[in-house]
Amino acid sequence: MIHMKQILLLLPFAPLATLCFSPVRLARKTITKRSSTILSQSSTADKEYYVVHQTPPLMSLDNSSSDYERITLTRYLNNMVKEDPELRHVQSLFLSLQMACKTISNLVNRAGLVYGVDRSDAFVQEWNKQQQQTELQAGEEERIISNTTATTTSYPNDGRFYSMKRLDQLSTNVLRNALRFTGKVHMVTPTTSRKSEQPAEHQPGVLIASALDSDYVAVLDPMDGSGNADASICTGTVFGIFEAPNSVDNENEENQQRLVESVLQPAKNMRAAGYCLYSSATVLVFTFGNDVMGFTLDPQLNEFVLTHPKLTIPARGNVYSCNEANSEGWSEDFQSYLKALKMGNNRGKTRYAHRYVGSMVGDIHRTLLYGGIFCYPCDTLSHPRGNLQLLYKSAPLAFLVTCAGGRSLDGETGDLLDVTPKRVHQKFPCFMGSPEDVEELESYIMPKKKHGEVK
C-alpha cells in the first residue's frame, strides 16, 4: 500500500511521467515523427522526380548523353535546311505531318472513350446519314470505293467496325487539312478497279500530296492498324516522299492523273520516308536517305523532341514477326526457314520468339529497335500477292529499315527497293529486318525463285 508521503514525492514528476508513458501521447509522438520523416522523404523524392521529369537527360546527335537544351523537330528541320537548302520544299511537308500526327495521336488516345459508348440503332442511322452528307460534300474524287450505305447497314451491331471506320476517316481528314493548311499542297485520293486491291471497307485509302512550289510528291497512309485502337494497341501513319519527274501546277483532272503516275517509282528513288507510331508514346521516325532519326512527342510541351538519334538496327535479332494464320498457304521453303528459327537450327543457334501486333508500324518499330525480321509472304489460300500495299506501306518502311542498316526482300527477284509498282494499291510480298536475318532468309527462299517480270 502506497503511503501519502510517497504520493507527495511523486507529484512533481507526474507531467513527465504522463508525457513519457501515456500510450496516446506516445502514439501521437511516434506518428508525428514518422509523418515528418515520410513527408521529408517524399518532398525530397518529389522534388527530384519533377526536376528529372522537366529536364531529362537528352541524347545528342552523336549518341552522347548531355543536359543541354532539347532538340525539337522544328529546330532539327531548320538545321537540315541550312545544310541542304533543297530540303526546304520537303520541310513544309514535314511540318504539316508534324501538326497532323499530334492531332491523330489525341484522337487515338480518346478512341476507346468516344467510339465504344453508343452502338444503338439510332447511332447507326445517324452515322449513315452523316457519312452520306460527307461524301456529297467531298465530291466524286474523294469517295470511298465501297458503297457506304450498303457497307454500314451490313454491320449494324459491330461497334469495332464503326470505331475503325470513323478513326480512319477522321485521320484522313486531319492529314488532308494539315497539308492544305500550308497553302502549298494539293491532294488526290486514287481509286482502284481491282477488287483484290481495294482498301478495307473501313479505310478511305491512300493520300497523294504534291508540294505546289517544288517537284516533291508524297504518299501517305493515314492510319495503319486502326482495328487495334479500341484495344489500346499501337497504330501508325506511314509516309514516303519522291521527287516527281514533272511538277503539277494545278488540280485539273489531267494533272491529277500525272500526280498519281509520278509516285509509281521504286522505293530506292525515295527522298524521305518514315512513320509515326501511336502507342504508350507517340514516336515519329524518319530518314532523308541517310541517318534514321526518332522524335518522341512530349505531352507537356506538345512538341516532338529528339530521343532516338541515328537509329541502327541490330545485325541479328531473336524475334520473327508474321501472321501465322496464313501458314497453311506458305511455300515449303519459307516454312522450313521458320522451323529453323523455332528450333534454334539457324545460323545464330538461338530459338526465336514470335511477335505479331497486326499493325505493320508497330512490328517494324520493334524490329528496328531490337532486331529480327518482319515477313508478309504470299500464300496460296487467301493472299496470292501478299496482303500489304507496296507503294504506301511496305516500300517506305523498307526504305527506312535499309537506311538504318537493315535489308529487305520481295521474295521473288531480290531487293524490295528495286520493285516498281504498276498501280497505287498494288499488293506485294515483303520481308525486311536485320541484315543477317534477311541474308539467312534469302538462302532459303531466293535460290529457287525465277527472275522475271513483276506481276
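Calculation notes
Residues numbered from 1 in each chain as written. Predicted model: local features only at pLDDT ≥ 70, side-chain atom pairs only at ≥ 80, totals over all residues. Heavy atoms only, no water. Helix = DSSP H or I, 4+ residues; strand = E, 2+ residues; numbered from the N terminus. Buried < 20%, exposed > 50% of the residue type's maximum accessible area, 1.4 Å probe, protein only. Contact = heavy atoms within 4.5 Å. Areas by Shrake-Rupley, 256 points an atom, 1.4 Å probe, with all protein chains shown as cover. Salt bridge = Lys/Arg side-chain N within 4 Å of Asp/Glu carboxyl O. Axes fitted to C-alpha atoms, helices over the stretch in contact; angles between N-to-C directions. Parallel < 35°, antiparallel > 145°, perpendicular 65-115°, else oblique. Nonpolar A, V, L, I, M, F, W, Y, C, P; charged D, E, K, R; others polar. Pairing = 2+ DSSP bridges. pLDDT = per-residue confidence, 0-100. Phe/Tyr/Trp six-rings, centres within 6.5 Å; stacked < 30°, edge-to-face > 60°. Core = buried A, V, L, I, M, F, W, Y, C linked by side-chain atoms within 4.5 Å. Polar contact = N/O pair within 3.5 Å; in protein donor to acceptor, adjacent residues only side chain to side chain.

Draft legend 1. Geometry of the overall build of the protein chain. On a plain count of helices and strands, the protein chain comes out with 14 helices and 15 strands. In the protein chain, which comprises 455 residues, the share counted as buried stands at 48%. Long-range contacts, defined here as pairs at least 24 residues apart, represent 68% of the contacts in the protein chain between residues at least 6 apart. Carbon and sulfur atoms provide 52% of the accessible area of the protein chain, an area that totals close to 23000 Å².

Draft legend 2. Representation of unusual backbone geometry within the structure. Of note, the phi angle at N302 is positive, near 55°, even though the residue is not glycine. Note that N302 resides in the loop between β9 (292-298) and β10 (303-308). At K310, a position not held by glycine, the phi torsion is positive, near 50°. If you trace the backbone, K310 turns up in the loop between β10 and β11 (319-321).

Draft legend 3. Geometry of the pattern of salt bridges. As enumerated under the stated definition, the model contains 13 salt bridges in all. For K342, the salt bridge goes to E324, with nearest N and O atoms at 3.3 Å. Pair noted here: K342 is in helix α11 (residues 332-343) and E324 is in the loop between β11 and α11, with a separation of 18 residues, a long-range link. With its nearest N and O atoms 3.1 Å apart, the salt bridge here joins D363 to R366. Taken as a pair, D363 and R366 lie in helix α12 (residues 360-370) at a separation of three residues, close to a single helical turn. A relative accessible area of 16% places R366 in the buried class. Among the charged side chains, a network of salt bridges with common partners joins R316, E436, D437 and E440.

Draft legend 4. The packing of α12 against helix α13 (residues 390-403), seen in detail. Close contact between α12 and α13 brings their axes to 12 Å; oriented N to C, the two are set at 10°. Between α12 and α13, the angle falls in the class roughly parallel. Contact residues: α12 offers M360, I364 and L368, while α13 offers K393, S394, L397, L400 and V401. In terms of residue class, the contact of α12 with α13 is made up of six nonpolar, one polar and one charged.

Draft legend 5. View of the pairing of strand β7 (residues 270-278). Of all nine residues in β7, nine are buried, a share of seventy percent or more. As judged from the eight bridges shared by strand β6 (residues 235-243) and β7, these two strands associate in the antiparallel manner. Following the sheet pairing, G240 is matched in β7 by A273. Hairpin connection from β7 to strand β8 (residues 282-287): three residues lie between these consecutive antiparallel strands.

Draft legend 6. The arrangement of the confidence of the model for the protein chain in detail. Looking at the protein chain as a whole, the pLDDT averages 76, with 63% of positions reaching at least 70. Note on residues 137-157: pLDDT under 50 across the span, and 36 contacts to partners over four residues away in sequence or across chains. Long-range and interchain partners of residues 450-455, a stretch whose pLDDT sits below 50, account for 10 contacts in this model, where long-range means more than four residues apart.

Draft legend 7. The sheet that holds strand β12 (residues 353-354), seen in detail. Reading across from one edge, β12-β11-β13-β15-β14 is the order of the five strands in this open sheet, with mixed pairing throughout. Unpaired on one side and paired on the other, β12 and β14 (407-409) mark the two borders of the sheet. In this structure, β11 lies alongside β12, joined through two bridges in parallel fashion. Within β12, the residue paired with V319 across the bridge is A353. Sheet strands touched by α12: β11, β13 (373-376) and β15 (430-433). Its angle to β13, the strand with the most contacts, is close to 150°.

Draft legend 8. Examining the packing of aromatic side chains more closely. For the coordinates displayed, the defined rule picks out 11 aromatic pairs. Ring centres 5.6 Å apart and planes at 70° place the aromatic pair F286 and F288 in the edge-to-face group. In this structure an aromatic cluster arises from ring pairing among Y76, F94, F239, F286, F288 and F295.

Draft legend 9. Here's a closer look at the nonpolar core. In this structure, L368 and M432 are the most contacted members of the largest nonpolar core, which totals 45 residues. No other element matches the nine residues that α13 contributes to this core. Not counting residues up to four positions away in its chain, the partners in contact with M432 are M360, I364, I373, F374, S394, L397, A398, V401, R407, S408, L416 and V438. Counting residues in each nonpolar core, the second largest holds 41 residues, with A178, L220, L284 and F288 among its members.

Draft legend 10. Highlighting the side chain of S92. If you trace the backbone, S92 turns up in helix α5 (residues 88-109). From its side chain, S92 meets the backbone oxygen of H89 in a polar contact 3.0 Å long.

Draft legend 11. Structural detail: the pairing of strand β5 (residues 216-224). Of all nine residues in β5, nine are buried, a share of seventy percent or more. Pairing geometry for β5 and β6, over seven bridges, is antiparallel. Of the residues in β6, the one forming a bridge with L220 is F239.

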